[in-house]
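Given next are the chains, with one letter for each unit.
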Amino acid sequence: MRTPLIAASSAFAAALVIPTAASAQDGGTAEPFVGLSAGYHDLGVDDDTFDVDDSGAIFGVVAGVDFPVTEKLFVGAEANYHFGTDAIDNEYGIAARLGIRTSENSKIYLRGGYQEVDLDLEAILDAELPEGLPDSEGDYIVGVGGEFGLGGRNAAVRVGVDTISFDSLRATAGVVFNF
C-alpha cells in the first residue's frame, strides 16, 4: 500500500506544479476550493453463482485548486476522501482536471488520477472471513464532472461520474466553496 501512496503523492505534486508554472506564465490566479460530497459507488462485481452486495453510499470531502490557462480553459488538481456504507469502508484519491468555464461561476471538466478503495469484504460476500485478508484495491480513475454556481462565485453545486479502471461506476453530488 505504501507504493501506491507514494505514486499518488508524486502525481498530486506534479499536478500542482505543472499548472502553477503554466499559470505563472499566463498571469492567471489560483482558484482553490473545498467541498462536501455524497454519492453511490457500484463496484461492478456481478456474479450469478454467489449473492454479492458490491455497492454502497459514500460521503466525504473534496479539495483542490484550478488554474486558468485562458479565459475559458483551466487545469487543476483535486483530492478526495469518502467513507462508505455496505461494500465500501472508505476511499481516497487524487486527480488532475482539465476543463472549460461555461460562465463566470460554472465549469465542466474531465478528470483522471488514482483512487484507492478499502473494501468491506464481509459485507460484500455476506460471510465471516478470516482476519488479515487484503481488502484494499487501487487503480486509475477517469471521469467527467461539473460545477454550477449558486449566485456568486463562492459556492457551486458539484456533480460527477467516474469509473475506476472501467470496472466500477461512481456517481457523486455535493457543494464546493471557492476562495
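As shown above, the structure is provided for reference.
Residues numbered from 1 in each chain as written. Predicted model: local features only at pLDDT ≥ 70, side-chain atom pairs only at ≥ 80, totals over all residues. Heavy atoms only, no water.

1. Some points on the side chain of Arg170
Along the chain, Arg170 falls in strand E8 (residues 169-178). Here the side chain of Arg170 touches Glu91 through a polar contact of 2.6 Å, side chain to side chain. For Arg170, the contacting residues outside a window of four places in its chain are Tyr40, His41, Ile58, Asn80, His82, Glu91, Gln115, Ile141, Gly160, Val161 and Asp162. (Helix = DSSP H or I, 4+ residues; strand = E, 2+ residues; numbered from the N terminus. Polar contact = N/O pair within 3.5 Å; in protein donor to acceptor, adjacent residues only side chain to side chain. Contact = heavy atoms within 4.5 Å.)

2. Some remarks on a nonpolar patch on the surface
A cluster of nonpolar side chains, namely Leu73, Leu98, Ile100, Ile108, Phe148, Leu150, Val157 and Val159, defines an oily patch on the protein surface of about 610 Å² accessible area. Secondary-structure elements contributing two or more residues to the nonpolar patch are strand E4 (88-103) and strand E7 (155-164). Of note, Leu98 is situated in strand E4. (Patch = residues over 30% accessible without salt bridge, like charges linked within 9 Å, V, L, I, M, F, W, Y side chains within 5 Å. Areas by Shrake-Rupley, 256 points an atom, 1.4 Å probe, with all protein chains shown as cover. Salt bridge = Lys/Arg side-chain N within 4 Å of Asp/Glu carboxyl O.)

3. Considering the pairing of E7
The buried fraction of E7 is high, at seven of 10 residues. Bridge count between E7 and E8: eight bridges; the pairing is antiparallel. For Val157, the partnering residue across the bridge sits in E8 and is Val175. Linking two consecutive strands that pair antiparallel, namely E7 and E8, is a turn of four residues; a positive phi of about 50° is found at Ser165 within it. (Buried < 20%, exposed > 50% of the residue type's maximum accessible area, 1.4 Å probe, protein only. Pairing = 2+ DSSP bridges.)

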